[in-house]
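Chain by chain, the residues run as shown.
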Amino acid sequence: MEPGLGPALDALLAGVFGLLFGSFLNVVIYRLPKIMERQWAQECAGLTGNPAEPTEKFNLLVPRSRCSSCGHVIRWYENIPVLSYVFLRGKCSVCGTSYGLRYPIVEAVTGALFFFCVWRWGWSLAALAWCGFSAALLALALIDWDTTLLPDDITLPLLWGGLLA
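Residues numbered from 1 in each chain as written. Predicted model: local features only at pLDDT ≥ 70, side-chain atom pairs only at ≥ 80, totals over all residues. Heavy atoms only, no water.

Asker: Just to check I follow, could you spell out the overall build of the protein chain for this structure?
Answerer: A tally of regular secondary structure across the protein chain gives five helices and zero strands. Listing the helices and strands of the protein chain from first to last along the sequence gives α-α-α-α-α. Taken along the three principal axes of its C-alpha coordinates, the protein chain extends 65 × 45 × 25 Å. Per-residue burial for the protein chain yields a buried fraction of 29% across its 165 residues. Within the protein chain, residue pairs in contact and separated by at least 24 positions form 60% of the contacts whose partners lie at least 6 positions apart. If you sum the accessible surface of the protein chain, you get close to 11,000 Å²; carbon and sulfur atoms cover 67% of it. Counting 11 positive and 12 negative side-chain charges, the protein chain places the centres of these two groups 11 Å from one another. (Helix = DSSP H or I, 4+ residues; strand = E, 2+ residues; numbered from the N terminus. Buried < 20%, exposed > 50% of the residue type's maximum accessible area, 1.4 Å probe, protein only. Contact = heavy atoms within 4.5 Å. Areas by Shrake-Rupley, 256 points an atom, 1.4 Å probe, with all protein chains shown as cover. Lys, Arg positive; Asp, Glu negative; His and termini not counted. Charge placed at Lys NZ, Arg CZ, Asp CG, Glu CD.)

Asker: Teacher, can you tell me more about the environment of Gly111 here?
Answerer: Structurally, the position occupied by Gly111 is in helix H3 (residues 102-121). Classification of Gly111 as buried rests on a relative accessible area of 6%. Through-space distance from the C-alpha of Gly111 to that of Ala11 is 9.8 Å; in sequence the pair is 100 residues apart. Leaving out residues up to four positions away in the same chain, Gly111 has contacts with Gly15, Gly18 and Leu19.

Asker: Help me understand the layout of surface pockets in this model?
Answerer: To find the voids left in a structure, one rolls a probe of water-molecule size over its atoms. Roughly 960 Å³ of internal volume is contained in the largest pocket. Forming the boundary of the largest pocket are 40 residues, of which Val27, Ser65, Arg66, Ile74 and Tyr103 lie nearest the centre. At the level of elements, helix H1 (7-48), helix H2 (83-87) and H3 are the ones that each hand at least two residues to the lining of the largest pocket. Residue contributions to the lining of the largest pocket peak at eight residues, all from H1. Tallied by class, residues from the lining of the largest pocket come to 19 nonpolar, twelve polar and nine charged. Here the second largest pocket defines a volume of roughly 340 Å³. Among the elements of the structure, H1, H3 and helix H4 (125-147) are those that each provide at least two residues to the lining of the second largest pocket. Here the residues of the lining of the second largest pocket sort into 18 nonpolar, three polar and no charged. (1 Å grid on protein atoms, 1.4 Å probe; cavity = no way out; pocket = protein on both sides within 12 Å on 5 of 7 lines; lining within 4 Å. Points joined across faces, edges and corners; volume = space filled by probe spheres on them. Nonpolar A, V, L, I, M, F, W, Y, C, P; charged D, E, K, R; others polar.)

Asker: What should I look at first to understand the packing of aromatic side chains in this one?
Answerer: One pair of aromatic rings is described through two measures. These are the centre distance and the angle between the planes. Applying the stated criterion to the full structure yields nine aromatic pairs. Here Phe21 and Phe24 contribute two aromatic rings whose centre-to-centre distance is 6.0 Å and whose plane-to-plane angle is 55 degrees, an arrangement assigned as tilted. Here Phe21 and its partner Phe24 are both found in helix H1, three residues apart, which amounts to about one turn of the helix. The exposure class assigned to Phe21 is partly exposed, which follows from its relative accessible area of 29%. Aromatic side chains Trp121 and Trp130 sit 5.2 Å apart centroid to centroid with 10 degrees between the ring planes, which places their arrangement in the stacked category. Residue classification places Trp130 among the partly exposed residues on the basis of a relative accessible area of 38%. In this structure an aromatic cluster arises from ring pairing among Phe17, Phe21, Phe24 and Phe114. (Phe/Tyr/Trp six-rings, centres within 6.5 Å; stacked < 30°, edge-to-face > 60°.)

Asker: Sorry, what's going on with the nonpolar core here?
Answerer: Soluble, globular proteins show a tendency: their nonpolar side chains are buried together. Grouped together as the largest cluster of nonpolar side chains are 17 residues, with contacts concentrated most on Leu25, Ile29, Leu32, Val106 and Ile154. When residues of this core are traced back to their parent elements, those giving at least two are H1, H3 and H4. With eight residues, H4 is the largest single contributor of residues to this core. Leave out the neighbours within four places in its chain, and Ile29 touches Arg102, Val106, Ala139, Leu142, Ile143 and Asp146. (Core = buried A, V, L, I, M, F, W, Y, C linked by side-chain atoms within 4.5 Å.)

Put into structure tokens, the structure is as follows:
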């Protein structure tokens, strides 16, 4: 007998995890190109001998997500995948600025991909590999769409993961 709660419930649980991971993917898609640009600016400043301008800490975890219009820090209950977008009608709870539809779409697509992977391969290393592969491809596709960049921080682990799998 296979471990787990049954194929449908296992896949549903993976889909919920995919929704949560999709929320993090939105952060990666938005911030990774900006992190790369900051790094390039610092490298250029170092090569030209100009001191780099000090900047606030900016990575995938810091600072917390905020409204791009008013700067309102997004609270945990305003960041529940898909549901927060529906309840807030896709707008900031403070200033009412509309968020893009891309955020819940990325969350939903990631949830669907994870659901499918676990439905197809069950709880296994193959399903884990396919979940990682599908999430990486989704992030790469959207970063490429926005910036025409394919960050090494995603492509190289994807290459090595594919070789190991």
